[in-house]
Amino acid sequence: GFRFRGPVREGCVYAPAAMAMRASMMLALATTPSFVQGGAVTVRVDANPTGSGSAEATTPVVESFTTLAAARQHIIATTVDGRLDTTDSNVCVKIGPGRYNEALQLDHPALSGVTWEGVPAEDGNLPIISGGIEVPVSLFEPWAEHKEIVVASLSGIGASDLGGMISGDAVAECQHDKVGLTLNGESMVVARWPNIDLDDPNTPDGWQWTHARVGDDDAIHYGFKSMNNVSDPNAARLLRWSEESNPWIHIYAEWDWADAYALVTNISEDADGYVNLEYDGAPACKPYARWMGVNLLCELDAPGEYYIDELTETLYLYPPTPLDASNDVVMLGYQPGAVVNITAAVENTTLANLDVREGRHAGIQVTGAKGVVIENVTVHEHGTNGIVVTNATNAVVRGNAVYEVGCSGIRATAGVTATLDKGGMLIEGNDVSRHARWKRTYQPGIFWGGVNNTFRNNNISVAPHNCMLGGGDFGDEFGGVETVFEGNTMADCTFETTDSGGFYTCGQGGYAFVNRGNVLRNNTFLRVKNTAGLGVQIASNQAIYFDDQMSDWLVTGNTFVECQVGTFTGGGRRNLITNNTYRNCGTVHYLNNQGMNWDNSTVYPQCDVVAPPGYDQGETVCSTGAATWMATEGPAAAEWAAKWPEMLNINSDFPGEPAHSSLSGNTYCGSLDGESYMLGCPDGMDKTCEYEAATWQFAISGNTYMEECP
């Protein structure tokens, strides 16, 4: 939750240049009781705090304000006019208990080195920084058409831009720009059908879908029929949607691993009584695709749902219990952009002990800033992402709780593949759960990319698609090189999708052989499998999924429990799967040789373009060519060649084969749904796969099976 979770910090600390001296420079709150004033934002300045050089430490200067913006402006003003030198001072902003309905913009060099730290209230609640606008309970009135639904006009409360529904790429985009709604800090959901069913044991977050009826012809269908004719009430109800002002659908149209939102353009009844629905904005629909209707006032029929009419500026809410003006707080998730925004102008700043909530888009956005620390912050109820640190060298994101966000929980990238510039990020001890509450796929608990970063002891759970995703063609210029993932727990991932991975990375776009030196060790994977049902395809889910020839990973010391497939290598080279434990998994390891058949156009001799990886002009999707470029022509070619000399002769070293890979020293026991296989491959299981693996230069040795798990 949003309560203070322990003595992570004792108080504001440090001059920005003295990172290693933080512990000795701590100022305990108990020694400065007048420092924090209830409901106030207090700025404390310790000039020359350590008495370094010939100067002695000076008496701290304390100023108090009522808003974050005023404290920010004070620091900037006193720095610019020369009264404050932040390079030789500790500047600490103490944020007193309470709620601050304002965004925090850290975008001026004078704000470098400043710590923004919340002071928990006596009950443990953290100070709230909200991107929301309050809708006073007094504005709500009963709706004449439904006695349990209340209505409020949003005119005059400062909400001039209510956003709206948008569509986008089914893989790459979050597709969210709609103002959200919270009641007492918990998100309500846009009116929909089918409704959420929290009693459904097969889906951890209760989301329900219906299915599309599509003809078996070869035509492209941007539409579908109802599964039954209008004699079924669930088909007849669709006809009412034609009277809606802005009806949308949410659909897994083409694959069970890619969802999108689409505007409904036409609804009609055919001669046989089936309802035809046409849409725009999502891929063409395949038979039995899963979908739901959203943004429908006529479907506002369940507690916890809401609907906003942007044209009339009217809010409709079905509260879980009747609203109480003395206790309930209704907030629009309004703030565009990020609630807390840190730009490249700021270095070595810290956020700690805060509750950041209720933004239309992201909670915390860090772009290009160095040395940022985000610690013990609760980030929740945001429309898109929780915490985003992009190109944020030496960032530390530690001990935070991120949940109930529309897209990714944490997105963390730093370092550049081609130059091998190091990111030096530490993403540690975070708890990410119930993300992807708007866009379901490719919105992981943690997105990663870059060079020489560490992801350690994080807990990620309840993910309809990936728990962790990144590197490869998802990482673009950041890629994924010499990144360490250790001690993380990933649970209940991929429950709503198929052909998916709890931990997923992909080698398309020429990236298969240039993401090197990555390590997955001592992690735990729990219940990575589909439980919520299928739509257009049947495929496996795997705890670790190296797709499309992704190569050069060490996977060691991990534990897999009740996973459909433990590890999966899709034709990649130099992947070492060793000393792992698989308990009650259906298949220990799946491998293929796709670079030798249907994916051979990405390797030599079928392609020979030498260029950077990527899809743009001057780049190549030829993975062997990209590897050659990186080690011979790239900006850090000499360093690449020294680290990975095998890249220099990749064209003559079994190109396209999963060569120099191995499955060794692993233990496995038990079964899942009656299945227990050590190996899976395109042509069969176990012995068949062992024979084929040997012909592909893939070694298998020393793996041990026990029928019953100890």
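What comes next concerns the included structure. All values reported here derive from a predicted model rather than from experimental measurement.

Conventions adopted
Residues numbered from 1 in each chain as written. Predicted model: local features only at pLDDT ≥ 70, side-chain atom pairs only at ≥ 80, totals over all residues. Heavy atoms only, no water. Buried < 20%, exposed > 50% of the residue type's maximum accessible area, 1.4 Å probe, protein only. Helix = DSSP H or I, 4+ residues; strand = E, 2+ residues; numbered from the N terminus. Pairing = 2+ DSSP bridges. Patch = residues over 30% accessible without salt bridge, like charges linked within 9 Å, V, L, I, M, F, W, Y side chains within 5 Å. Areas by Shrake-Rupley, 256 points an atom, 1.4 Å probe, with all protein chains shown as cover. Salt bridge = Lys/Arg side-chain N within 4 Å of Asp/Glu carboxyl O. Lys, Arg positive; Asp, Glu negative; His and termini not counted. Charge placed at Lys NZ, Arg CZ, Asp CG, Glu CD. Expected span 1.5 Å × (residues − 1). Contact = heavy atoms within 4.5 Å. Phe/Tyr/Trp six-rings, centres within 6.5 Å; stacked < 30°, edge-to-face > 60°. Lys NZ or Arg CZ within 6 Å of the ring centre and 35° of its normal. Core = buried A, V, L, I, M, F, W, Y, C linked by side-chain atoms within 4.5 Å. Disulfide = S-S within 2.5 Å.

### Details of the pairing of strand β38 (residues 459–463)
The side chains of a regular strand alternate between the sheet's two faces. Of all five residues in β38, four are buried; the element is thus mostly enclosed. With three bridges joining them, strand β35 (residues 431–433) and β38 adopt parallel strand pairing. Each residue of the ladder has a partner; that of V432, found in β38, is I460.

### Considerations on a negative patch on the surface
Residues D476, E477, D616 and E619 make up a contiguous surface patch of negative charge. Turning to its location among the elements, E619 is positioned in the loop between β52 (587–592) and α4 (623–632).

### Brief notes about helix α1 (residues 68–80)
In a regular helix each residue adds 1.5 Å, so 13 residues correspond to 18 Å; α1 covers 19 Å between its end C-alpha atoms and thus fits that length. For α1, the complete set of buried residues consists of L68, A71, R72, H74, I75, I76 and T78.

### Some remarks on the sheet that holds strand β13 (residues 180–183)
Reading across the sheet, the four strands line up as β8-β25-β13-β14 and stay open at both edges, with antiparallel pairing between neighbours. Each end of this open sheet is capped by a strand with a single partner; those strands are β8 (132–134) and β14 (186–187). In terms of strand pairing, β13 meets strand β25 (residues 330–333) through four bridges, oriented antiparallel. Bridge pairing in β25 links L183 to V330.

### Things to note about the environment of A362
Here A362 is to be found in strand β28 (residues 362–367). Taking relative accessible area as the criterion, A362 reaches 5% and is therefore assigned buried. When residues no more than four places from it in sequence are discounted, the contact partners of A362 are G337, A338, V339, H382, T384, N385 and G386.

### Thoughts on the pattern of salt bridges
With the rule as written, the count across this model stands at 30 salt bridges. Ionic pairing is found between E310 and K178, a salt bridge with its closest N-O pair at 2.9 Å. Of this pair, E310 sits in the loop between β23 (305–309) and β24 (314–318) while K178 sits in strand β12 (residues 177–178), placing them 132 residues apart in sequence. For R516, the salt bridge goes to E646, with nearest N and O atoms at 3.0 Å. With a gap of 130 residues between them, R516 in the loop between β43 (500–506) and β44 (518–521) and E646 in the loop between α5 (637–643) and β53 (661–664) connect regions that are remote in the sequence. For the pair R516 and E646, a shared accessibility class is recorded, and that class is buried. Beyond isolated ion pairs, a larger network of salt bridges with shared partners links D205, E404, R434, R437, R440 and E496.

### Description of the packing of aromatic side chains
Applying the stated criterion across every chain yields a total of 30 aromatic pairs. Seen from their ring centres, F568 and Y590 are 4.8 Å apart, and the 20 degrees between their planes marks the pair as stacked. Highlighted residues: F568 in strand β49 (residues 565–570) and Y590 in strand β52, separated in sequence by 22 residues. Put simply, the rings of W255, W257, Y442, F474, Y504, Y545, F568 and Y590 pair up and form one aromatic cluster. Lying over the aromatic face of F447, R411 brings its terminal NZ or CZ to 4.0 Å of the ring centre.

### Considering the nonpolar core
In a soluble, globular protein the nonpolar side chains are often hidden away together inside. Ranked by size, the top nonpolar core spans 82 residues in total, and within it W116, L351, I364 and F503 carry the most contacts. Sort the elements by how many residues they give to this core and α1 lands first, with four residues. If sequence neighbours within four positions are ignored, L351 has contacts with L104, L106, W116, V340, I342, I364, V373, I374, E375 and V377. L238, I249, I251 and Y504 belong to the second largest nonpolar core, which has 31 residues in total.

### As for the state of the cysteines
Simply put, the disulfide is a covalent bond whose two ends are the sulfur atoms of two cysteines. Per the counting criterion, the structure on display carries five disulfides. Covalently, C467 is tied to C493 through a disulfide, its sulfur atoms 2.1 Å apart. An S-S torsion of about -95 degrees defines the bridge between C467 and C493 as left-handed. Separated by 26 residues along the polypeptide, C467 in the loop between β38 and β39 (468–470) and C493 in strand β42 (residues 489–493) bring together distant segments of the chain. The class of C467 is buried, set by a relative accessible area of 0%. What pairs with C669 in a disulfide is C709, and their sulfur atoms sit 2.1 Å apart. Residues C669 and C709 are joined by a disulfide whose S-S torsion is about 105 degrees; by sign, that bridge is right-handed. Residue C669 is found in strand β54 (residues 667–669), and its partner C709 is found in the segment after β58 (704–706); the two are separated by 40 residues along the sequence. Left unpaired, C506 is separated from the closest cysteine sulfur, that of C607, by 15 Å. Under the relative-accessibility criterion, C506 is labelled buried at 3%.

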